[in-house]
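For reference, the chains in residue letters:
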Amino acid sequence: MTRKPMMAGNWKMNKTVGEAVVLAQDISNQFKGTWEACDVVVCPPFVDLKPAYTVFEFDRVPISVGAQNVYWEESGAYTGEISVPMLKEIGCEWCIIGHSERRGYFGETNEDVNKKAKALLAGGLKPIICCGESLEVRDAGDTLEFVCAQVRAAFAGIDAAQAVKCVVAYEPIWAIGTGRTATPEQAQEVCLAIRETLAELFGAESADAMRVLYGGSMNPGNVDMLIAQPDIDGGLIGGAALKAPSFVQLIEACI
Ligand code: PGA
């Protein structure tokens, strides 16, 4: 099974609207037809979604836009939250959920991630489901058990037909923003265990069709070794997605 690679830029809480338009334009200007062999996604802050989408739409480049979070209710008295229909209307196709920063700083639980995944799928958006262990969990030798439990919890009550629309991003917490990347072997070991868990849940054929990304200090210097691994289908990129040249290099490494 050949899976289409994916490069998703997680801009986190960076870029005002003006700055986001400049970065989106910089990426768009370097678009080449060969990029169509890779799903290219940028995930800016909420306020930048529509402006970034508009840049890509105007330039007619197949670069998708994704949010970094969502709430599972459609509307109502949930001050400060953003719903799936709101994201859908402004052209969002993807949404990151369960990022370790949301779990760590904002108390997002496995149950929340599952509710968000179901709401996104019901509303026609595709979740990028993040999982990953802390250094304590790794040092205790519990990585595979911990990460696979996160994956099982995220997909609870979701059937194979819906699951295949999802992407899983393995992001060891100790590698995020630290410059300390997982070795290709460490990343492959966990991505394979994730795929085996997906196979248990949804069957081998579905698991084979699903993308599993690596994230955590991925950059132009280490991308080749990482995506050469059989179970790593691309990256979820933080720091290196904030500048067009490095993000473009990462995309081009995938094709
Ligand atoms: P990083 O972030 O590439 O800056 O390590 C990755 C992420 O958190 O998605």
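Please refer to the structure placed before this passage.
The rules behind the values
Residues numbered from 1 in each chain as written. Predicted model: local features only at pLDDT ≥ 70, side-chain atom pairs only at ≥ 80, totals over all residues. Heavy atoms only, no water. Near = heavy atom within 4 Å. Polar contact = N/O pair within 3.5 Å; in protein donor to acceptor, adjacent residues only side chain to side chain. Areas by Shrake-Rupley, 256 points an atom, 1.4 Å probe, with all protein chains shown as cover. Nonpolar A, V, L, I, M, F, W, Y, C, P; charged D, E, K, R; others polar. Pairing = 2+ DSSP bridges. Helix = DSSP H or I, 4+ residues; strand = E, 2+ residues; numbered from the N terminus. Axes fitted to C-alpha atoms, helices over the stretch in contact; angles between N-to-C directions. Contact = heavy atoms within 4.5 Å. Core = buried A, V, L, I, M, F, W, Y, C linked by side-chain atoms within 4.5 Å. Buried < 20%, exposed > 50% of the residue type's maximum accessible area, 1.4 Å probe, protein only. Parallel < 35°, antiparallel > 145°, perpendicular 65-115°, else oblique. Left-handed = near helix turned anticlockwise from the far one by under 90°.

Visitor: Would you explain the site of the ligand in this entry?
Guide: If you check the shell around the ligand, you find 13 residues, and the closest are Lys12, His99, Glu171, Gly177 and Ser217. In the environment of the ligand, an oxygen atom lies 2.7 Å from a nitrogen or oxygen atom belonging to the side chain of Glu171. Burial of the ligand by the protein chains amounts to 95% of its free accessible area of 290 Å². For the shell around the ligand, the per-class residue count stands at 4 nonpolar, 7 polar and 2 charged.

Visitor: So what exactly am I meant to see when it comes to the sheet that holds strand β7 (residues 211-215) here?
Guide: The strands that make up a sheet are held in pairs by hydrogen bonds between backbone atoms, and each pair lies either parallel or antiparallel. Spatial ordering of the closed barrel is given by β1-β2-β3-β4-β5-β6-β7-β8, a layout of 8 strands whose pairing is parallel. The mean inter-strand angle of the sheet, taken between neighbouring strand axes irrespective of direction, is 25°. In the sheet, strand β3 (residues 63-67) pairs with strand β4 (residues 94-97) via 2 bridges, with the strands oriented parallel. By the bridge assignment for β4, Ala67 is matched with Cys95. Those strands touched by helix α12 (residues 244-253) are β1 (6-10), β2 (39-43) and β8 (234-237), and its axis lies near 160° from that of β1.

Visitor: Help me understand the nonpolar core in this model?
Guide: It is characteristic of soluble globular proteins that their nonpolar side chains tend to be buried jointly. Formed by 68 residues in total, the largest nonpolar core has its most connected members in Met7, Phe155, Ile194 and Leu198. Excluding anything up to four places from it in sequence, Ile194 contacts Cys131, Val147, Cys148, Val151, Val168, Tyr170 and Val212. Within the second largest apolar cluster, 12 residues are counted, among which are Cys43, Trp94, Ile128 and Leu236.

Visitor: Would you take a moment to explain the packing of helix α1 (residues 17-29) against helix α2 (residues 46-59) for this structure?
Guide: Helices that pack against each other are described as a pair by the angle of their axes relative to one another and the distance between those axes. Contact pair α1 / α2: the axes reach a minimum separation of 9 Å and the direction vectors enclose 30°. One finds that α1 runs roughly parallel with respect to α2. Where α1 crosses over α2, the two elements pack in a sense that is right-handed. Here Val17, Ala20, Val21, Ala24, Gln25, Ser28 and Asn29 of α1 come into contact with α2, specifically with Val47, Asp48, Pro51, Ala52, Val55, Phe56 and Asp59. Class assignment of the residues belonging to the contact of α1 with α2 gives a composition of 9 nonpolar, 3 polar and 2 charged.

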